[in-house]
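Given next are the chains, with one letter for each unit.
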Amino acid sequence: FAAYLDALRLPAGSVLIDVLYGFPVVAASRDPRQFVIPSDPDFAAALSEPAGYGVRYLATIPPTGRGATDALNEAFPGVYDNGIAGARLVLQVDSDTGFPDWRLWQLTG
């Protein structure tokens, strides 16, 4: 998942992700600046208006188990299954480990 995002060569702050499960993705990335994570000062603002803050992608996990408390799932109920208005599904990564599946939604509008 991190390699896919790295290949996009995104500018800083392009991918909104919660590090609840996303920490390994951010840690594996060659460019962690592309992520907006909860410890960033602008995370809450980016979460409230992703496109307005330059976010291009939402990295989502299923809203079950610990994923129920994922910031994106809390802010956008149903985001994992349906995205948000103005977003299209561009990638699904199925996990066969203890980590959840990922869906990457691209903001198009």
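First, a word on what this report is: a plain description of the structure on this page. Quantities reported herein were computed from a predicted structural model and do not represent experimental measurements.

## Remarks on the overall build of the protein
Phase 1: Secondary structure assignment for the protein yields five helices and five strands.
Phase 2: Starting at the N terminus and ending at the C terminus, the protein contains elements arranged as α-β-α-β-α-β-α-α-β-β.
Phase 3: Relative to a compact globule of 109 residues, whose C-alpha radius of gyration would be 13 Å, the protein shows 12 Å and is just as compact.
Phase 4: Long-range pairs, those at least 24 residues apart, make up 50% of the contacts in the protein with a sequence separation of at least 6.
Phase 5: Accessible area for the protein stands at about 5700 Å²; split by element, carbon and sulfur atoms hold 53% of it.
Phase 6: A gap of 9 Å separates the mean positions of the 7 positive and 12 negative side-chain charges of the protein.

## Remarks on the pairing of strand β5 (residues 102–107)
Phase 1: When you tally the buried positions in β5, you get five out of six residues, the bulk of the element.
Phase 2: Note that strand β3 (residues 57–60) and β5 share four bridges and pair antiparallel. Across the sheet, the residue bridging to Tyr-57 is Gln-106, located in β5.
Phase 3: Where strand β4 (residues 87–93) and β5 come together, six bridges link them in antiparallel fashion. Along β5, the bridge assignment pairs Gln-92 with Arg-103.

## So, unusual backbone geometry
If a residue is not glycine, its phi is most likely negative; likewise, a peptide bond is most likely trans.
Phase 1: Look at Arg-9: it is not a glycine, yet its phi comes out positive at around 50°.
Phase 2: Tracing the chain through its elements places Arg-9 in the loop between α1 (2–7) and β1 (15–16).
Phase 3: Judged by relative accessible area, which is 73%, Arg-9 ranks as exposed.

## Digging into the sheet that holds β4
Phase 1: Across the sheet, which stays open at both edges, the five strands sit in the order β2-β1-β3-β5-β4 with mixed pairing between neighbours. Each having just a single partner strand, β2 (35–36) and β4 make up the two edges of the open sheet.

Calculation criteria
Residue numbers here run from 1 along each chain, matching the order of that chain's written sequence. Local features in this predicted model are restricted to residues of pLDDT 70 or higher, and side-chain atom pairs are both shown and tallied only at a pLDDT of 80 or more, whereas totals for entire chains, interfaces and linings draw on every residue. Remark: hydrogens and water are excluded; side-chain values derive from all non-hydrogen atoms of the structure. The numbering of helices and of strands both runs from the N terminus, where a helix is a DSSP run of H or I of at least 4 residues and a strand a run of E of at least 2. With C-alpha atoms as the basis for the radius of gyration, the globule rule is written as 2.2 Å multiplied by the number of residues raised to the power 0.38. Two residues qualify as a contact provided that any one of their heavy atoms is within 4.5 Å of a heavy atom in the partner residue. Surface exposure here means Shrake-Rupley accessible area, sampled with a 1.4 Å probe, where a residue is shielded only by the protein chains that are shown. Positive charges are assigned to Lys and Arg, negative charges to Asp and Glu, while His and the chain termini are left out of the count. Charge positions come from single atoms, namely NZ of Lys, CZ of Arg, CG of Asp or CD of Glu. Note on classification: 1.4 Å probe, protein chains only; a residue is buried when its accessible area is under 20% of the maximum for its type, exposed when over 50%, partly exposed between these limits. Pairing between two strands is assigned when DSSP locates at least 2 bridges connecting them.

All we've got here are geometric facts, nothing functional implied.
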